[in-house]
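A structural walkthrough
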Amino acid sequence: MLSTAGSTQLKVRTASALALPQDRLHFGLASDPGNIGWMTSSGVPWRYRYQYLAGGVNTGTGWETWNTPTGAFAATYMASSAANNYIPVFTYYELLQSQPSTGSNESDRDYLNLNNSTTMNAYFANFKLLMQQAGTFGKPVVVHVEPDFWGYMEQKAAGASAAAVSAKVAGSGFADVAGIPDTVQGFGEALLKLRDLYAPNAVMAIHASAWGSNIDIASSTDPSINAMAVADVTAGFLNSAGITSNPYGSTWDLVFNDVDDHDAAWWEAQGADNQYSTHWWDTSNTTFPNFTRYLAWVSELKAKTARPQVVWQVPVGNQYFLTMNNTCGHYQDNVGPYFINHASQLFAAGLIAVLFGAGNACQTSYDDAANDGVTNNGGATTTDALGYCSACNNHTSVWADDDGGFLRIFVGLYYSGAEMLGGVITSDPDAASWAAGHLDVFARGQDNAIWHRAWNGTTWGSWDSLGGVSLSDAGAVSGTANRIDVFIRGRDNALWHRVWNGSSWASWESLGGVLSAGPDASSWGAARLDVFIRGQDNALWHRWWDGTAWHGWEGLGGVLASDPTVVSWGANQIDVFIRGQDRALWHRSWNGTAWQPWEGLGGVLNSSPDVSSCAAGKLDVFVVGQDGALWRRSFSAGAWGGWTSLGGQWTSGPGAVCQPGTTKIDLFQRGTDSALWRVEIAS
């Protein structure tokens, strides 16, 4: 039974552990003090940041010496993490590197240090120092204790509990752990007691080894392995080490696991694919090792330990960018991309966080650790048969990141709430909405035809082709219920039009003109259409339908460096926006009587703009800025507001539409995977 003091500490611990975000799967990165600038500028709201504390407790070169005064490194790291809304995570990896560290392998060196009274006295003193720093910090900080150690001790226990393996705990002579048994069970209980004494805010994590049971769930090709049975063995050992109970204080809060400390293609380059460690997993979940079996193992660990799970030091490599050419710093892997694309499955299995990081030198990094800038392998793909990849890394990167920018882009999309709508599109998208709960989005496909997908308020319909041969983005507008007008630049450079009348699509019709960019259109009612194009002279041109006939072309001047975008927020009201030659946003409006002069709205645009209106006199203009993020400038109450960043990493110009009668703006973009993505924001 816990003492009264122990019970009080346990109550504090429970509240602190629940403070970790558990609303969805979250992501973090290995980040030493020099990497935090990359994290904060990435545009991704990372939730965790982790750092090894290592060097040995009695060597004179351990973490406590890395800054002055003694222990300041941990304090500084925690403070800088919290200042940027990151939860700090320390991987406390000290036992192996401490003196004397004798033995022929890591397991023996850990075990002999663990049973050395002098070493363990210094070890507990060092851990106490960390807890004191964490206690002063006062906010949640995750302390992940000795990742490989628990697997080695599980193997030494040979099916018995942690109480069967010896350690110097009380025998270390360290006063705070007096009376605690000299076993691995006692070692875990002692660390938890030190947490209770000095840092009740610290969230303590024990490590579940994928190989501790002597069956490596992460690398075995044996199809007969029962993942749940393997997990039960490991969970039983960890439970005995302080998860189930602790007569000297509280219990462990989290269970960490890891999948590999190298990218899979690095192992393959050493001639060691699927030997000794994880390596390639089958994304089709047909052969082994694979993701389904791994998640079954995690799910059973969650069930048997009753603790949230975290997967740590996940390889950064991908098979998406040309950057990944299987050279030092640019090795392929498929685990990270699978984890991001199947986040809901990981969360359902009990994982609350994925922490990416290169486990060793020469592995893929999320920043430019290789110092080689933007690399695309001369445009040549890299086939990797063992990695289920046949020239699959065929996307060009614009990032100096050694992973080609994969993590910043796809984790950014995850946090943006973006929904992938699939397809393979070759243009900026555009969208129309004729009523709340109805969306129609259009884009050019690989065949240069215009493709369409519709939302009916409940589900997305399948992609359907509207045919045509388009040399541009499509422009779409809905002026009344059950009507959609779509415009393109045809292969003859003329304006072409197709209309949906509520039951069928009419044939394409030519409206003439000579276009040098994609068109856009607005409508203030069933009997009015206004179409705008960039002409051969790069000026803005306008043609309109009055309900009976099309009127001739009208020149509106300007010098356009993009497609125009246009919206009508009321009868006889039109607002047109372009990117000018100076890359700034420019605007011209019709007030029912006359066209107003061009006005510059500033900014530096990397894309064509798009605009939506959710109410009379209200405009929201969206552009992609120089930083690749989405930016907005809004007009309301007769005045323009300033530019505001919506973050993310946008890979095409935006398509924007407001569902009538709402303040919901739907934004569409082409992803780096060439698929269509959607995110919803408020006006």
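Basis of the calculations
- Residues numbered from 1 in each chain as written.
- Predicted model: local features only at pLDDT ≥ 70, side-chain atom pairs only at ≥ 80, totals over all residues.
- Heavy atoms only, no water.
- Helix = DSSP H or I, 4+ residues; strand = E, 2+ residues; numbered from the N terminus.
- Buried < 20%, exposed > 50% of the residue type's maximum accessible area, 1.4 Å probe, protein only.
- Contact = heavy atoms within 4.5 Å.
- Areas by Shrake-Rupley, 256 points an atom, 1.4 Å probe, with all protein chains shown as cover.
- Lys, Arg positive; Asp, Glu negative; His and termini not counted.
- Charge placed at Lys NZ, Arg CZ, Asp CG, Glu CD.
- 1 Å grid on protein atoms, 1.4 Å probe; cavity = no way out; pocket = protein on both sides within 12 Å on 5 of 7 lines; lining within 4 Å.
- Points joined across faces, edges and corners; volume = space filled by probe spheres on them.
- Nonpolar A, V, L, I, M, F, W, Y, C, P; charged D, E, K, R; others polar.
- Salt bridge = Lys/Arg side-chain N within 4 Å of Asp/Glu carboxyl O.
- Disulfide = S-S within 2.5 Å.
- Pairing = 2+ DSSP bridges.
- Axes fitted to C-alpha atoms, helices over the stretch in contact; angles between N-to-C directions.
- Polar contact = N/O pair within 3.5 Å; in protein donor to acceptor, adjacent residues only side chain to side chain.
- Core = buried A, V, L, I, M, F, W, Y, C linked by side-chain atoms within 4.5 Å.
- Parallel < 35°, antiparallel > 145°, perpendicular 65-115°, else oblique.
- Left-handed = near helix turned anticlockwise from the far one by under 90°.

This part is about the overall build of the protein chain. Secondary structure summary: the protein chain contains 13 helices and 33 strands in total. For the protein chain, the spread of C-alpha atoms along the principal axes amounts to about 95 × 50 × 45 Å. Going through the 683 residues of the protein chain one by one, you find that 57% of them count as buried. Counting contacts in the protein chain only where the partners sit at least 6 residues apart, residues at least 24 apart contribute 59% of the total. Surface accessibility of the protein chain: about 24400 Å² in total, with carbon and sulfur atoms responsible for 52%. A gap of 7 Å separates the mean positions of the 35 positive and 59 negative side-chain charges of the protein chain.

Right, let's talk about the layout of surface pockets for a bit. Taken as a whole, the largest pocket spans an internal volume of roughly 830 Å³. Looking at the largest pocket, it is lined by 37 residues, and the ones nearest its centre are Tyr 52, Asp 261, Gln 313, Gly 359 and Asn 360. Listing elements by their share of the lining of the largest pocket, those giving two or more residues are β2 (48-53), α6 (147-157) and β7 (309-314). Partitioning the lining of the largest pocket into residue classes produces 18 nonpolar, 11 polar and 8 charged. Considered as a void within the structure, the second largest pocket measures approximately 570 Å³ in volume.

This next bit is on the pattern of salt bridges. Summed over the entire model, instances satisfying the criterion amount to 14 salt bridges. Between Arg 408 and Asp 401 there is a salt bridge, and its shortest N-O distance comes to 2.8 Å. Under the relative-accessibility criterion, Arg 408 is labelled buried at 8%. Note that Asp 666 is salt-bridged to Arg 678, the shortest N-O span being 2.8 Å. Placement of the pair is Asp 666 in strand β32 (residues 664-670) and Arg 678 in strand β33 (residues 676-682), with a sequence separation of 12 residues. Residue classification places Asp 666 among the buried residues on the basis of a relative accessible area of 0%. Three or more residues are tied together by salt bridges with common partners; here these are Glu 419, Asp 666, Arg 678 and Glu 680.

Summed over the entire model, instances satisfying the criterion amount to 3 disulfides. Shown here is the disulfide that connects Cys 614 with Cys 658, its sulfur atoms set 1.9 Å apart. On the sign convention where negative means left-handed, the S-S torsion of about 115 degrees between Cys 614 and Cys 658 marks this disulfide as right-handed. Here the residue Cys 614 occupies a position in strand β26 (residues 610-615), and Cys 658 occupies one in strand β31 (residues 655-658), the gap between them amounting to 44 residues. An identical accessibility class is assigned to Cys 614 and Cys 658; each is buried.

Let's shift gears to the sheet that holds strand β25 (residues 599-602). With respect to topology, 4 strands assemble into an open sheet ordered β22-β23-β24-β25, the strand pairing being antiparallel. Of all strands in the sheet, those with a lone pairing partner are β22 (565-570) and β25, marking the two edges. For this sheet, the mean inter-axis angle between neighbouring strands, taken without regard to orientation, is 25 degrees. The pairing of strand β24 (residues 585-590) with β25 spans 3 bridges and is classified as antiparallel. Bridge assignment links Trp 586 to a residue of β25, and that residue is Gly 600.

Further remarks concern the sheet that holds β7. Around the barrel, 8 strands lie side by side as β1-β2-β3-β4-β5-β6-β7-β8; this closed barrel has parallel pairing. The mean angle between the axes of side-by-side strands here comes to 30 degrees, regardless of whether they run parallel or antiparallel.

We now examine the pairing of strand β27 (residues 618-624). Of all the 7 residues making up β27, 7 are buried; the element is thus mostly covered by neighbouring parts of the structure. Of the two faces of β27, the one lined by Lys 618, Asp 620, Phe 622 and Val 624 and the one lined by Leu 619, Val 621 and Val 623 are each fully buried. Between β27 and strand β28 (residues 630-636), which follow one another and run antiparallel, lie 5 residues, and Gly 628 among them has a positive phi close to 80 degrees.

A few words now on the side chain of Gln 309. Along the polypeptide, Gln 309 turns up in strand β7. A polar contact is formed between the side chain of Gln 309 and the side chain of Thr 305, at a distance of 3.4 Å. Separated by 2.8 Å, the side chain of Gln 309 and the backbone oxygen of Arg 307 make a polar contact.

Attention shifts here to the side chain of Ser 612. Within the secondary structure layout, Ser 612 lies in strand β26. Leaving out residues up to four positions away in the same chain, Ser 612 has contacts with Val 567, Lys 618, Leu 619, Asp 620, Phe 622, Ala 656, Val 657, Cys 658 and Ile 665.

Once that is clear, we can look at empty space enclosed by the protein. Enumeration over the complete set of coordinates arrives at 3 cavities of 30 Å³ or more. Estimated volume of the largest cavity: approximately 150 Å³. Surrounding the largest cavity, 17 residues form its lining, Pro 429, Asp 473, Asp 563, Pro 564 and Pro 609 being those nearest its centre. For the lining of the largest cavity, the class distribution of residues is 6 nonpolar, 5 polar and 6 charged.

The next thing to look at is α6. Among the 11 residues that make up α6, 8 are buried, leaving the element largely enclosed by the rest of the structure. Every buried residue of α6 is accounted for by Pro 147, Phe 149, Trp 150, Gly 151, Tyr 152, Met 153, Glu 154 and Ala 157. Just downstream of α6 lies Ala 158, where phi reads positive at about 50 degrees.

For the rest of this paragraph, the subject is the nonpolar core. If you look at the biggest cluster of nonpolar residues, it comprises 105 residues, and the most contacted ones within it are Phe 124, Trp 150, Trp 297 and Phe 339. Per element, the largest residue contribution to this core is 9 residues, and it comes from helix α5 (residues 117-137). With near-sequence residues (within four places) excluded, Phe 339 lies in contact with Val 259, Trp 281, Phe 291, Tyr 294, Val 311, Val 314, Leu 346 and Val 354.

In this section: the packing of helix α7 (residues 184-198) against helix α8 (residues 227-243). Two elements in contact, α7 and α8, have axes separated by 8 Å at closest approach and are oriented at 50 degrees. With respect to α8, the axis of α7 lies oblique. Within the contact between the two elements, α7 uses Val 184, Gln 185, Gly 188, Glu 189 and Leu 192 and α8 uses Phe 237, Ser 240, Ala 241 and Gly 242. Here the residues of the contact of α7 with α8 are counted per class, giving 4 nonpolar, 4 polar and 1 charged.

Relative to the elements of secondary structure, Asp 575 occurs in strand β23 (residues 573-579). When the C-alpha atoms of Asp 575 and Asn 591 are compared, they prove to be 8.9 Å apart, with 16 residues separating the residues in sequence. With residues up to four places along the chain from it excluded, the contact list for Asp 575 reads Thr 565, Val 566, Val 567, Trp 569, His 587, Arg 588, Ser 589 and Leu 619. At 3.1 Å, the side chain of Asp 575 forms a polar contact with the side chain of Trp 569.

In this section: the packing of α5 against α7. Across the interface, α5 lies against α7 with an axial gap of 8 Å and an inter-helix angle of 35 degrees. Of the two elements, α5 crosses α7, and the hand of that crossing is right-handed. Residues Met 120, Tyr 123, Phe 124, Phe 127, Lys 128, Met 131, Gln 132 and Gly 135 of α5 form the contact with α7, whose own contacting residues are Phe 187, Ala 190, Leu 191, Leu 194, Arg 195 and Tyr 198. Of the residues belonging to the contact of α5 with α7, the class tally is 10 nonpolar, 2 polar and 2 charged.

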